[in-house]
Amino acid sequence: MEQFSVTPLTGFGLLLVDDHPLFREGLLLAIEKMAPDCDVVAVSSQEEADAILTSHPERFDLVLVDYKLPQGSGLSCAAEMRVKHPLQSFGLISGADDADLPERARAAGLVAFLPKSLEMHALHQALLKIAQGEPLFVDQLAPPQLETQPSTFGLTPRQLDVLGMLASGKSNKEIASDMGIAPATVKNHIETIFEKMGVSNRMQAVMVARAALPPSPP
């Protein structure tokens, strides 16, 4: 049963280049869940990206490169790959606090700049716009003009509370004590959370949640 509404990115190929394993794998899982028709692959380096683009030159519609890679600036890496793969579209993704990055990405011939601070639903909307052929350079300092209705995977408020405690590293016994419920009830909540989110363990649930769900209020 579908737990939330998605707009499919049917046939859209996305190659993510990011050396941070938690962000890379979390984003990969979240996109696969929210846009199951998107062909998304994540690699950790420019060398891996070059290899997959060479072996599959027509597979990807967008190569999204992290601004900070061990090989150097993501802008430089994207520029080098554009020479090797001139028919490929490249975008930049960054967590750096640099207001000039969107314009620098545009000037470098990229088709997109996306801050890592985007919530998953906003990233999904951004990818839809890019898939429709629209260049998109999101200003990090201003709220993105994208749809803002978040997805919570059909989780109830109680299940969201349990998920938040999972993310903080608490055990089933600690969650049960904090919530005043039986450990068996916590176990049932967790099993339902896994089913609704389409994951199989705590780490996957936490990574998908961090990428896809809106932040909890302070």
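How each quantity is defined
- Residues numbered from 1 in each chain as written.
- Predicted model: local features only at pLDDT ≥ 70, side-chain atom pairs only at ≥ 80, totals over all residues.
- Heavy atoms only, no water.
- Pairing = 2+ DSSP bridges.
- Helix = DSSP H or I, 4+ residues; strand = E, 2+ residues; numbered from the N terminus.
- Contact = heavy atoms within 4.5 Å.
- Axes fitted to C-alpha atoms, helices over the stretch in contact; angles between N-to-C directions.
- UniProt positions renumbered as here; feature names shortened; annotations may be inferred.
- Buried < 20%, exposed > 50% of the residue type's maximum accessible area, 1.4 Å probe, protein only.

With an unreviewed UniProt entry as reference, the protein is termed DNA-binding response regulator, source organism Hydrogenophaga crassostreae.

Peer 1: So what exactly am I meant to see when it comes to the sheet that holds strand β6 (residues 90-94) here?
Peer 2: Backbone hydrogen bonds hold the strands of a sheet together, and the pairing may be parallel or antiparallel. A sheet is described by the order of its strands in space; here six strands give the open sequence β2-β1-β3-β6-β7-β8, paired in parallel fashion. For this open sheet the edge positions go to β2 (39-43) and β8 (136-137), each flanked by a neighbour on one side alone. Against the sheet, helix α1 (residues 21-34) engages β1 (13-17), β2 and β6, with an angle of about 175° to β2.

Peer 1: Would you take a moment to explain the UniProt feature "modified residue: 4-aspartylphosphate" (unreviewed entry) in the protein for this structure?
Peer 2: This chain's UniProt record puts "modified residue: 4-aspartylphosphate" (unreviewed entry) on D66. By secondary structure assignment, the location of D66 is in strand β3 (residues 62-66). Among residues more than four places away in sequence, those in contact with D66 are V17, D18, D19, H20, G74, L92, I93, S94 and K116.

Peer 1: What is the right way to look at the environment of T185 in this model?
Peer 2: Relative to the helices and strands, T185 is located in helix α8 (residues 183-197). By relative accessible area, which is 32% here, T185 ends up partly exposed. Separated by 13 residues in the primary sequence, T185 and N172 have C-alpha atoms spaced 9.4 Å apart.

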